[in-house]
Amino acid sequence: MTADLARPALPLRPELVGLEPYGAPQLDVPHLLNVNENPYAPSDQVVADIAAAVARAARGLNRYPDRDFEALRADLADYLATESGVRLDPGQVWAANGSNEIMLHVLQAFGGPGRTALSFAPTYSMYPEYARDTSTSWVAGRREDDFSLDPDVARAAIAEHAPSVVLLASPNNPTGTALPAATVVAVLDAAAQVPGGCVVVVDEAYGEFRRRGVPSALELLAEHPHLAVSRTMSKAFGLAGARVGYLAAATQLVDALRVVRLPYHLSAVTQAVARAALAHSAELMAQVGSLRDERDALVDWLRGKGLTVAESDANFVLFGMFDDRHAIWQGLLDRGVLIREVGPQGWLRVSVGTRQETAAFKDALVEVASL
């Protein structure tokens, strides 16, 4: 009997059999424009301050970190007050290892067997995985052809499925579409009628990139205790490698997340990195402004080439339509430009890069698509 045949079977959950781990391609090419990263590395001063903060934290690594990271929560509350004009108590803020873990906490606390999570597709492809991993039923309604969300469609879906969690990405991924405040309020009002309660999460991972005049759902928190607004430091702050996400909500909702979090889930090093970066938020937000300008110019250029482009309030652009989008994706890759083959058929998504990266993308696309 061979060694393989002698091994006992693993009791893998049936719904996980045959599945592959989530993840966009990680390829070594000159221009990486596929995962919506901030293309600008932290400045030398930011790096120096982070290094100094980590060094101070390292002196105490024999001790467990502050498991409720109160100083970081206060810093995040101060940042949100500046960025959105909404002043929160630090107890209304929660943080974790990326907004992915934030969402998992939400589904651990409010999802589970016999409960349903609802969203509207196309949207972030990790949402159904959060539901699956917490044994929560998953339902996806549909967005309109322009990727907006019809409030009446949302109300009907909530009434039909009685979800315990509704996930709304705004700006949406992969489309870049932001939701009007009136649409979010319509969803909140419908969710308030669900027997047993329903939490509405507005995922603002790309919130800092929204265009002038587009509101944040943070402005709705005071009147809607079943609302949570998720953010991340991966995008606007250029800290994708640090893995810091956070959420703002009523204190009661935040306290529920504290019940399901693992002990000491946010390391002392992670807390130190996040706080050091927040001290430079003004500098980092200036970069966000330049990326907004690059995004808007890219949208105009793509439309000028006769392509269809979704309205974007994020740091990426969804564009099409292509009869064979994979051939376009492959042609760009062959020329050293990696973008994302994602979204409805015929569409592709490109992250906003530096001017040099965007120029390389344009040159490659003109050649591949014969524009």
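Residues numbered from 1 in each chain as written. Predicted model: local features only at pLDDT ≥ 70, side-chain atom pairs only at ≥ 80, totals over all residues. Heavy atoms only, no water.

K.L.:
A description of empty space enclosed by the protein should follow, citing residues and the corresponding values.
P.N.:
Tallied over the entire structure, the rule returns one cavity of 30 Å³ or more. Contributing to the lining of the largest cavity are Ser170, Pro171, Ala178, Leu179, Glu204, Arg210, Val214, Pro215 and Ser216. Its residues assigned to classes, the lining of the largest cavity shows five nonpolar, two polar and two charged. (1 Å grid on protein atoms, 1.4 Å probe; cavity = no way out; pocket = protein on both sides within 12 Å on 5 of 7 lines; lining within 4 Å. Points joined across faces, edges and corners; volume = space filled by probe spheres on them. Nonpolar A, V, L, I, M, F, W, Y, C, P; charged D, E, K, R; others polar.)

K.L.:
Account for the packing of aromatic side chains, with residues named and values stated.
P.N.:
Counted by the stated rule, this structure contains ten aromatic pairs. Relative to tyrosine 130, the ring of tyrosine 127 lies with its centre 6.2 Å away and its plane at 45°, an arrangement referred to as tilted. You can see tyrosine 127 and its partner tyrosine 130 sitting in helix H5 (residues 127–133), three residues apart, about one turn around the helix. For the pair tyrosine 127 and tyrosine 130, one class covers both residues: buried. (Phe/Tyr/Trp six-rings, centres within 6.5 Å; stacked < 30°, edge-to-face > 60°. Helix = DSSP H or I, 4+ residues; strand = E, 2+ residues; numbered from the N terminus. Buried < 20%, exposed > 50% of the residue type's maximum accessible area, 1.4 Å probe, protein only.)

K.L.:
So what about the environment of serine 137? Which residues, and what values?
P.N.:
Its place among the elements puts serine 137 in strand S4 (residues 137–142). Placed 33 residues apart in sequence, serine 137 and serine 170 show a C-alpha to C-alpha distance of 22 Å.

K.L.:
With reference to specific residues and values, describe unusual backbone geometry.
P.N.:
Along the chain, serine 170 connects to proline 171 via a cis peptide bond; the corresponding omega equals 0°. Mapped onto the fold, proline 171 is located in the loop between strand S5 (165–169) and helix H7 (181–191). For the bond running from asparagine 173 to proline 174, omega is 25°, close enough to zero to count as cis. With respect to the helices and strands, the residue proline 174 is situated in the loop between S5 and H7. Even without being glycine, phenylalanine 69 reaches a positive phi, approximately 35°. Counting through the fold element by element, phenylalanine 69 comes out in the loop between helix H2 (44–58) and helix H3 (70–84). Owing to a relative accessible area of 1%, phenylalanine 69 belongs among the buried residues under this scheme.

K.L.:
Please provide a residue-by-residue account of the UniProt feature "modified residue: N6-(pyridoxal phosphate)lysine" (unreviewed entry) in the protein, values included.
P.N.:
Here the UniProt-annotated "modified residue: N6-(pyridoxal phosphate)lysine" (unreviewed entry) positions come out as Lys235. For lysine 235, a relative accessible area of 14% translates into the label buried. Excluding residues within four positions of it along the chain, lysine 235 makes contact with Val35, Asn36, Asn38, Ala205, Tyr206 and Phe209. (UniProt positions renumbered as here; feature names shortened; annotations may be inferred. Contact = heavy atoms within 4.5 Å.)

K.L.:
Describe in detail the UniProt feature "domain: Aminotransferase class I/classII large" (unreviewed entry) in the protein, supporting the description with residues and values.
P.N.:
Within this structure's numbering, the places UniProt gives as "domain: Aminotransferase class I/classII large" (unreviewed entry) are residues 33–359. Taken end to end, residues 33–359 is 40% helix and 15% strand, and its two terminal C-alpha atoms sit 12 Å from one another.

K.L.:
Go over the sheet that holds strand S10 (residues 316–320), please, and point to the residues and values.
P.N.:
Read from one edge of the open sheet, three strands run S9-S10-S12, paired in antiparallel fashion. Two strands close off the open sheet at either side, each with one partner strand: strand S9 (308–309) and strand S12 (348–351). Pairing of S10 with S12, which is carried by four bridges, proceeds in the antiparallel orientation. For phenylalanine 319, the partnering residue across the bridge sits in S12 and is leucine 348. Sheet strands touched by helix H10 (residues 281–304): S9, S10 and S12. Its angle to S10, the strand with the most contacts, is close to 10°. (Pairing = 2+ DSSP bridges. Axes fitted to C-alpha atoms, helices over the stretch in contact; angles between N-to-C directions.)

K.L.:
Break down the domain arrangement of the protein for me, citing the residues and quoting the values.
P.N.:
Segmentation of the protein into domains returns domain 1 (21–36 + 282–368) and domain 2 (46–279). The straight-line distance from the C-alpha centre of domain 1 to that of domain 2 is 25 Å. Taken residue by residue, the interface counts 24 residues in domain 1 and 26 residues in domain 2. Approximately 2,100 Å² of surface area, both sides summed, lies buried where domain 1 meets domain 2, with 59% of it carried by carbon and sulfur atoms. Among the residues domain 1 hides against domain 2, the three largest losses belong to Tyr22, Leu284 and Asp313. Together they make up 33% of the total. Here aspartate 313 makes a salt bridge to arginine 211, at a shortest N to O gap of 3.0 Å. Counting across the interface, domain 1 meets domain 2 through ten residue pairs in polar contact (both at pLDDT 80 or more). Secondary structure elements with two or more residues in the side of domain 1 that touches domain 2: H10 and S10. With eight residues, the single largest contributor to the side of domain 1 that touches domain 2 is H10. Counted by class, the side of domain 1 that touches domain 2 contains 13 nonpolar, four polar and seven charged residues. (Domains from an automatic or database assignment. Buried area = accessible area lost by both parts, 1.4 Å probe. Salt bridge = Lys/Arg side-chain N within 4 Å of Asp/Glu carboxyl O. Polar contact = N/O pair within 3.5 Å; in protein donor to acceptor, adjacent residues only side chain to side chain.)

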